[in-house]
Amino acid sequence: MRVSIVTGATKGIGRAVCESLVAEGVRVSLVGRNAEGLERLARALGGEVHPYAGDVSQRRFVKSVVKDSVKRFGPITAQTPTAISGATGIICLKRRIQR
């Protein structure tokens, strides 16, 4: 099963990426700052998704998202940083956590 973390998930390209991934059966961690928007998106998408509201520039938040995503869905097979800040942190933490 494929698993992805998408930052900037509630709007524009991020939302379109989420819609496409879910349509392909990918388990998706939806990441953004707007908790209400994330909840609405999760309901609209259906599938195996989980919202995470917070600031990806904060290392502690990024680490918690990666850890919980791995626990909830399994190893992360892709990350889609449509919100660039913190994307490098997600990639690096993903590698360390999954070892």
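Please read these numbers as outputs of a predicted model, since none were measured by experiment. (Residues numbered from 1 in each chain as written. Predicted model: local features only at pLDDT ≥ 70, side-chain atom pairs only at ≥ 80, totals over all residues. Heavy atoms only, no water.)

### Looking at the overall build of the protein
Looking only at helices and strands, the protein features four helices and four strands. Mapped in sequence order, the helices and strands of the protein form the string β-α-β-α-β-α-β-α. Split into buried and exposed, the 99 residues of the protein put 40% on the buried side. Relative to all contacts within the protein whose residues are 6 or more apart in sequence, the contacts with residues 24 or more apart total 54%. (Helix = DSSP H or I, 4+ residues; strand = E, 2+ residues; numbered from the N terminus. Buried < 20%, exposed > 50% of the residue type's maximum accessible area, 1.4 Å probe, protein only. Contact = heavy atoms within 4.5 Å.)

### Comments concerning the confidence of the model for the protein
Taken residue by residue, the protein gives an average pLDDT of 84. The fraction at 70 or more is 79%. Below a pLDDT of 50 lies the segment residues 85-99, which in the model reaches 28 contacts outside its immediate sequence neighbourhood of four places, other chains included. (pLDDT = per-residue confidence, 0-100.)

### Description of the pairing of strand 1 (residues 3-7)
Counting buried positions along strand 1 yields five of five residues, so the element is predominantly enclosed. Alignment of strand 1 against strand 2 (residues 27-32), held across five bridges, turns out to be parallel. Residue S4 lies in a different strand from strand 2, and its bridge partner there is V28. Of the crossover connections in this fold, the one passing from strand 1 over helix 1 (residues 12-23) to the parallel strand 2 is right-handed. (Pairing = 2+ DSSP bridges. Right-handed = clockwise from strand over helix to strand, strands pointing away.)

### What about the pairing of strand 2?
The element strand 2 is largely enclosed, with a buried count of five among its six residues. Examined bridge by bridge, strand 2 and strand 3 (residues 49-53) share five bridges and lie parallel to one another. Residue G32 lies in a different strand from strand 3, and its bridge partner there is A53. A crossover connection joins strand 2 to the parallel strand 3 through helix 2 (residues 35-45); in handedness this β-α-β unit is right-handed.

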